[in-house]
Amino acid sequence: MLFDNEEVWSRWMTSRDAEEGRLPAALSDLPLTPFQVLLVIQALRPAELQRSMKQFAKKCLGLPHLTPSSVSLQRLYNAETRAEEPILIIISPGADPSQELAEAAQASIGKGNYHEVAMGQGQADLALSEITSAAESGSWASDGPKLHPNFRLWLTTEPQQTFPSTLLQSCLKVTYEAPPGLRNNLKRTYESWNADYVAKADSASRATALASLAWFHAVLQERRGFLPQVRHLFFPCRFRVGSRCSQWLRWYVLRPAPGTCT
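Quantities reported herein were computed from a predicted structural model and do not represent experimental measurements.

Trainee: Any chance you could explain helix α2 (residues 34-44) here in plain terms?
Mentor: Think of an α-helix as 3.6 residues a turn; residues three or four steps apart then line up on the same face. If you check which residues of α2 are buried, you get Val37, Leu38 and Ile41. Relative to the axis of α2, the buried residues are bounded by an arc of 105° and lie together on one face. The inward-facing, buried residues of α2 abut α1 (6-13) and α3 (49-61).

Trainee: What am I meant to see in helix α8 (residues 182-191) here?
Mentor: Listed in full, the buried residues belonging to α8 are Asn185, Leu186, Arg188 and Thr189. Along the axis of α8, the buried positions cluster into a sector of 160°, meaning they face one direction only. Away from its buried face by more than 90 degrees, α8 exposes Arg183 and Lys187. In this fold, the buried residues of α8 make contact with β5 (172-176) and α10 (204-223).

Trainee: Honestly, the packing of α8 against α10 in this entry has me stumped. Any pointers?
Mentor: Helix-helix packing is described using two parameters, namely the angle between the two axes and the distance between the axes. Running from N to C, α8 and α10 cross one another at 130°; their axes reach a closest spacing of 9 Å. With respect to α10, the axis of α8 lies oblique. Our pair here, α8 against α10, has a crossing hand that is right-handed. Side by side, α8 and α10 meet where Leu182, Asn185, Leu186, Thr189 and Tyr190 of the first sit next to Ala207, Leu210, Ala211, Ala214, Trp215, His217, Ala218, Val219, Gln221 and Glu222 of the second. Of the residues contributing to the contact of α8 with α10, the split by class is 10 nonpolar, 4 polar and 1 charged.

Trainee: What is the right way to read a nonpolar patch on the surface from this model?
Mentor: A grouping of Leu61, Leu63 and Leu66 is seen on the molecular surface, where their side chains present a nonpolar patch of about 270 Å² in accessible area. Residue leucine 61 is classed as exposed on the basis of its relative accessible area, which comes to 58%.

Trainee: Looking at this model, I keep getting lost on the nonpolar core. Mind explaining?
Mentor: For soluble globular proteins, the rule of thumb is that nonpolar side chains tend to be buried together. Counting 17 residues, the largest nonpolar core has Leu73, Leu76, Ile87, Ile89, Trp140 and Trp154 as the members making the most contacts within it. If you list the elements that add at least two residues to this core, you get α4 (73-79), β1 (87-91), α5 (98-108) and β5.

Trainee: I'm lost on the side chain of arginine 45 in this one. Help?
Mentor: As for its placement among the helices and strands, arginine 45 is situated in the loop between α2 and α3. Among the polar contacts made by the side chain of arginine 45, one reaches the main-chain carbonyl oxygen of methionine 13 at a distance of 3.4 Å. Sequence-distant contacts of arginine 45, that is, excluding residues within four places in its chain, are made with Trp12, Met13, Thr14, Ser15, Ala18 and Val40.

Trainee: How do you make sense of the pairing of β1 when you look at a structure like this?
Mentor: Residues in a regular strand project their side chains so that they alternate between the two faces of the sheet. Burial analysis of β1 places 4 of its 5 residues in the buried class, the great majority of the element. The pairing of β1 with strand β4 (residues 152-157) spans 4 bridges and is classified as parallel. Bridge pairing links isoleucine 89 to threonine 156 in β4. Sheet analysis places β1 next to β5, joined by 5 bridges and oriented parallel. Along β5, the bridge assignment pairs isoleucine 87 with leucine 172.

Trainee: Can you walk me through the packing of α2 against α3 in this structure?
Mentor: Running from N to C, α2 and α3 cross one another at 175°; their axes reach a closest spacing of 10 Å. When the axes of α2 and α3 are compared, the pair comes out roughly antiparallel. Of the residues in α3, those touching α2 at Pro34, Phe35, Leu38, Ile41 and Gln42 are Leu49, Ser52, Met53, Phe56 and Lys59. When its residues are assigned to classes, the contact of α2 with α3 shows 7 nonpolar, 2 polar and 1 charged.

What counts, and where the lines are drawn
Residues numbered from 1 in each chain as written. Predicted model: local features only at pLDDT ≥ 70, side-chain atom pairs only at ≥ 80, totals over all residues. Heavy atoms only, no water. Buried < 20%, exposed > 50% of the residue type's maximum accessible area, 1.4 Å probe, protein only. Helix = DSSP H or I, 4+ residues; strand = E, 2+ residues; numbered from the N terminus. Arc of directions from axis to C-beta. Contact = heavy atoms within 4.5 Å. Axes fitted to C-alpha atoms, helices over the stretch in contact; angles between N-to-C directions. Parallel < 35°, antiparallel > 145°, perpendicular 65-115°, else oblique. Left-handed = near helix turned anticlockwise from the far one by under 90°. Nonpolar A, V, L, I, M, F, W, Y, C, P; charged D, E, K, R; others polar. Patch = residues over 30% accessible without salt bridge, like charges linked within 9 Å, V, L, I, M, F, W, Y side chains within 5 Å. Areas by Shrake-Rupley, 256 points an atom, 1.4 Å probe, with all protein chains shown as cover. Salt bridge = Lys/Arg side-chain N within 4 Å of Asp/Glu carboxyl O. Core = buried A, V, L, I, M, F, W, Y, C linked by side-chain atoms within 4.5 Å. Polar contact = N/O pair within 3.5 Å; in protein donor to acceptor, adjacent residues only side chain to side chain. Pairing = 2+ DSSP bridges.

Structure (structure tokens):
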């Protein structure tokens with residue numbers, strides 16, 4: 001019987017078939033469900049179980065991949081937003097859309113037309129004034145009159161149990177969270193940098209330093225997952241690898257040595 005065929009199983013134990021959620025090809029005719037195949041992999045190759053579970057989930061759900069594409073506020077603005085509907089961005093710990101939002105506003109309507117107000121004590125009147133002015137002029141207001149077609153009201157908040165349901169129902173709701181995994185973190189960072197920006201001045205040291213910065217940020221984001229096991233440590237990770245961080249890198253790391261010419 002095939003189950004006694006040492007050669008077949010030895011080859012399967014070192015192949016990539018288990019990673020893809022497959023048993024030896026000679027067993028393909030057996031009436032096994034995908035879940036039963038997963039149980040065999042769990043018993044014989046537990047190290048490949050996580051990858052196999054991803055393949056199992058994709059097959060059962062009919063999805064090409066499990067990781068959703070990262071949210072681009074620029075694409076969101078172009079495709080889905082309108083002046084009459086506020087955009088509510090629900091953020092998770094470690095995710096901060098403020099810089100990306102400012103960059104999207106600068107690219108779309110100009111930096112001078114973006115107004116940001118941090119809600120708190122005594123800020124209500126200022127916020128209402130900014131919203132009214134932006135609605136008339138077509139600016140963006142980040143947290144009456146005839147709305148300008150370019151007007152957008154962006155609201156950001158952390159998840160709240162007591163969030164007003166009326167406001168929640170009237171908004172376009174977007175979740176903004178740190179991507180899971182180093183690869184996805186790096187991908188989001190490089191999506192915010194175009195190729196010309198990374199290769200600026202044709203400097204290999206600049207590209208290397210930016211890659212190191214992106215990697216460092218991704219590692220810190222991933223470290224947040226270990227907080228339940230290491231409660232005495234805290235990694236807020238609220239900075240975003242954008243123009244501010246890269247400008248700091250340029251001035252303090254990539255600046256020429258004293259006495260040299262640039």
